[in-house]
Amino acid sequence: MTMTQWFIFFLIIQVIHFVGTWKLYIKAGRKSWEAIIPIYNAIILMKIINRPAWWVILLFIPIINLLMFPVVWIETIRSFGKNSTIDSFLAVLTLGFYTYYINYLTNVNYIEDRSLKSRTELGEWVSSIVFAIIAATLVHTYIMQPYTIPTSSLEKSLLVGDFLFVSKFHYGARVPMTTVAAPMVHDSLPLIKAKSYLKTPQLPYFRIPGFQDIKRNEIVVFNWPVDTVRFFRDHSNIHIDKPIDKKSNYVKRCVGIPGDSLEIKDGYIFINGKQTVLPDRAKPQYFNTVTVKEGFNPNSLISRYGSTELGGGTNGIFTVNLTDENAQNLKNNPYVISVIKDLTPKGNFDNKIFPHNNKYPWSVDNYGPIYIPEEGKTVELNAKSIPFYKRIIEVYENNDLTINGDEIFINGKLATNYTFKQNYYWMMGDNRHNSEDARFWGYVPFDHVVGKPVFIWFSWDTNGQGLGEKIRWERVFTTVHGSGKPVSYLYYFIGALVLWFGYSSYRKRKNVE
């Protein structure tokens with residue numbers, strides 16, 4: 001929906017509210033016209049139901065308002081003596097239209113000083129749970145989101161089984177575009193795997209201003225731009241057209257920022273002609289063919305050299321996933337004959353590689369150069385450049401694109417250039433030969449960016465033996481970014497909890513005294 005359509009929809013909601021409540025406003029000692037003025041009517045309604053004015057803010061926050069509306073409907077009818085369970089049920093079941101019945105067909109009285117405490121223990125529990133969900137959803141959507149690492153694309157920096165906190169406020173929290181969705185879940189409901197959202201209506205894209213831009217080589221969580229799977233890692237070949245904010249969450253390293261020229265030479269990234277220098281915690285890995293002498297124990301490839309992949313084994317030849325440092329150390333092993341990095345030579349065309357055009361014979365190891373689009377910058381459009389920007393123009397920036405021979409038409413007009421409406425980024429995994437990243441599907445638009453991983457609060461190794469080995473204690477409560485070996489803040493956290501509980505107990509005891 002466009003902003004104009006949303007404005008019209010908003011006005012319709014105001015009319016519906018006015019028609020269904022104006023008599024109730026009068027019975028509460030207010031004027032009938034106070035039920036029709038947008039925002040002001042909500043403030044007055046909060047006074048009528050004896051709730052704080054800041055609740056009005058929650059009514060205008062997407063997703064949060066879906067949880068707040070039923071609360072307000074129930075609170076409204078209770079302010080006029082409708083306290084039974086069936087009344088509350090009807091208020092929710094009719095999506096608030098039960099107030100029409102009360103407004104026109106009943107003779108109710110306003111209860112000015114009604115008790116806000118629930119009349120039953122069950123009601124108290126329900127109220128507590130509802131507001132706990134609202135608070136958690138607010139934090140989850142706009143401040144900090146929990147996230148799990150499911151793949152090894154950032155192995156060494158982030159491990160499979162790491163549980164992260166992803167900051168929404170660093171780059172600016174994105175207001176949910178999908179307005180009707182189950183809280184606290186992503187694209188599917190747990191267990192039943194059904195869709196957790198309705199595709200319509202959709203809000204226009206809007207992002208609350210952040211306090212930093214995405215920096216080169218930062219790890220970023222984003223929505224997978226080309227996602228059409230039912231849910232993450234689904235292999236059923238059932239394709240679904242998803243809203244942006246319901247596409248699968250990916251986590252990669254941003255190796256190219258807007259305005260950069262990126263190239264990959266023999267597996268190494270070059271930005272604007274210079275080889276990129278990664279943070280010391282980043283440990284790029286590549287598949288290597290390792291040939292060993294008879295008597296060599298292949299298990300040592302994992303135990304000594306930290307490999308995450310081990311394949312082959314025919315006639316003493318193995319495929320091993322190694323960092324350059326570990327590959328060099330392995331070469332010095334007297335039982336090792338050779339260690340050769342498995343690189344695809346320059347000039348080999350791979351149709352799976354973006355932009356999927358034989359004019360660009362690129363591979364995962366030799367790629368580019370490619371320009372990373374920047375908001376406001378203009379590029380020339382022709383048969384050579386259109387493979388890079390076709391999806392941007394059509395899908396990400398919502399234009400009608402037609403190509404007729406060598407002529408390119410945008411929204412029915414002949415176009416020889418194009419100006420980008422937003423920034424784009426190049427996201428790659430450190431596990432260079434085991435990462436489905438931008439080399440395969442291209443640019444990541446800024447409106448797909450979710451947030452910045454900041455903290456590992458737990459880490460679980462499914463291959464560990466026993467509870468002691470399954471929990472990676474050295475990774476619990478460590479930071480994602482930074483230099484040097486990650487330091488666990490678990491004991492500091494436990495100490496802070498002990499102090500807090502001690503202080504709380506002391507205050508309770510003093511109050512009793």
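Here is what the cut-offs are and how they apply
Residues numbered from 1 in each chain as written. Predicted model: local features only at pLDDT ≥ 70, side-chain atom pairs only at ≥ 80, totals over all residues. Heavy atoms only, no water. Salt bridge = Lys/Arg side-chain N within 4 Å of Asp/Glu carboxyl O. Helix = DSSP H or I, 4+ residues; strand = E, 2+ residues; numbered from the N terminus. Buried < 20%, exposed > 50% of the residue type's maximum accessible area, 1.4 Å probe, protein only. Pairing = 2+ DSSP bridges. Phe/Tyr/Trp six-rings, centres within 6.5 Å; stacked < 30°, edge-to-face > 60°. Lys NZ or Arg CZ within 6 Å of the ring centre and 35° of its normal. 1 Å grid on protein atoms, 1.4 Å probe; cavity = no way out; pocket = protein on both sides within 12 Å on 5 of 7 lines; lining within 4 Å. Points joined across faces, edges and corners; volume = space filled by probe spheres on them. Nonpolar A, V, L, I, M, F, W, Y, C, P; charged D, E, K, R; others polar. Contact = heavy atoms within 4.5 Å. Axes fitted to C-alpha atoms, helices over the stretch in contact; angles between N-to-C directions. Patch = residues over 30% accessible without salt bridge, like charges linked within 9 Å, V, L, I, M, F, W, Y side chains within 5 Å. Areas by Shrake-Rupley, 256 points an atom, 1.4 Å probe, with all protein chains shown as cover.

Enquirer: In this structure, what is going on with the pattern of salt bridges? I would like to understand it.
Expert: By the definition in use, this model includes 18 salt bridges. A salt bridge links Lys199 to Asp241; the nearest nitrogen and oxygen atoms lie 3.5 Å apart. You can see Lys199 sitting in the loop between β2 (162–167) and β3 (219–223) and its partner Asp241 sitting in the loop between β3 and β4 (249–256), a full 42 residues away along the chain. Under the relative-accessibility criterion, Lys199 is labelled partly exposed at 36%.

Enquirer: Looking at this structure, I do not really get the sheet that holds strand β6 (residues 268–271). What am I missing?
Expert: In sheet architecture, strand pairing relies on hydrogen bonds along the backbone and comes in two forms, parallel and antiparallel. The 4 strands are arranged β7-β6-β5-β12 in an open sheet whose pairing can be described as antiparallel. Across the chains shown, the open sheet's two edge strands, defined by having one partner strand only, are β7 (274–275) and β12 (367–371). Pairing of strand β5 (residues 261–265) with β12 involves 3 bridges; the strand directions are antiparallel. For Ser261, the partnering residue across the bridge sits in β12 and is Tyr371.

Enquirer: Explain the packing of aromatic side chains here, please?
Expert: The geometry of an aromatic ring pair is captured by the separation of the ring centres together with the interplanar angle, meaning the angle of the planes. In this structure the tally under the stated criterion is 39 aromatic pairs. Centre to centre, the rings of Tyr367 and Trp426 are 5.6 Å apart; their planes meet at 45°, and the pair counts as tilted. Of this pair, Tyr367 sits in strand β12 while Trp426 sits in strand β18 (residues 424–428), and the two are 59 residues apart along the sequence. In this structure Trp426 comes out as buried when scored by relative accessible area, which is 0%. Judged by centre distance (6.3 Å) and plane angle (25°), the rings of Phe458 and Trp460 are stacked. For Trp460, a relative accessible area of 29% corresponds to the partly exposed category. Among the aromatic residues, those joined into a cluster by ring pairs are Phe354, Tyr360, Trp362, Tyr367, Phe388, Tyr389, Tyr396, Tyr418, Phe420, Tyr424, Trp426 and Tyr443. If you follow Lys341 out to its NZ or CZ, it ends over the ring of Tyr286, 4.1 Å from the centre.

Enquirer: When you look at the layout of surface pockets in this model, what are you seeing that I'm missing?
Expert: Summary: where empty space remains is shown by rolling a probe the size of a single water molecule over the atoms. Counted as a void, the largest pocket has a volume near 1500 Å³. Lining the largest pocket are 38 residues, with Phe9, Ile13, Leu59, Asn65 and Phe69 sitting closest to its centre. Secondary structure elements with two or more residues in the lining of the largest pocket: α1 (3–27), α2 (40–48), α4 (64–78) and α6 (98–105). With 11 residues, α1 is the largest single contributor of residues to the lining of the largest pocket. Of the residues assigned to the lining of the largest pocket, the class counts are 28 nonpolar, 10 polar and no charged.

Enquirer: Is there a simple way to think about the sheet that holds strand β16 (residues 413–414) in this case?
Expert: Strand order in the open sheet formed by 3 strands is β14-β15-β16, with antiparallel pairing between adjacent strands. The outermost strands of the open sheet, each flanked by one partner alone, are β14 (401–404) and β16. Bridge analysis of strand β15 (residues 407–410) against β16 gives 2 bridges, and the strand direction is antiparallel. Bridge pairing in β16 places Phe409 opposite Leu414. Here helix α10 (residues 386–396) sits on the sheet and contacts β14 and β15; the angle it forms with β14, its principal contact strand, is near 145°.

Enquirer: Help me understand empty space enclosed by the protein, please; the structure alone is not making it clear to me.
Expert: Taken as a whole and assessed by the stated rule, the structure comprises 1 cavity of 30 Å³ or more. For the largest cavity, the calculated volume is near 30 Å³. Lining the largest cavity, in full, are Thr21, Leu24, Tyr25, Leu45, Ile48, Thr76 and Phe80. For the lining of the largest cavity, the elements supplying multiple residues, two or more each, are α1 and α2. If you tally residues by element for the lining of the largest cavity, the top one is α1, at 3 residues. Split into classes, the residues belonging to the lining of the largest cavity amount to 5 nonpolar, 2 polar and no charged.

Enquirer: So what exactly am I meant to see when it comes to a nonpolar patch on the surface here?
Expert: Together, Phe7, Ile8, Phe9, Leu11, Ile12, Ile13, Ile16, Leu95 and Phe97 line one region of the surface with nonpolar side chains, adding up to about 810 Å² of accessible area. Looking at the secondary structure, you find Ile12 in helix α1. Since its relative accessible area comes to 44%, Ile12 is described here as partly exposed.

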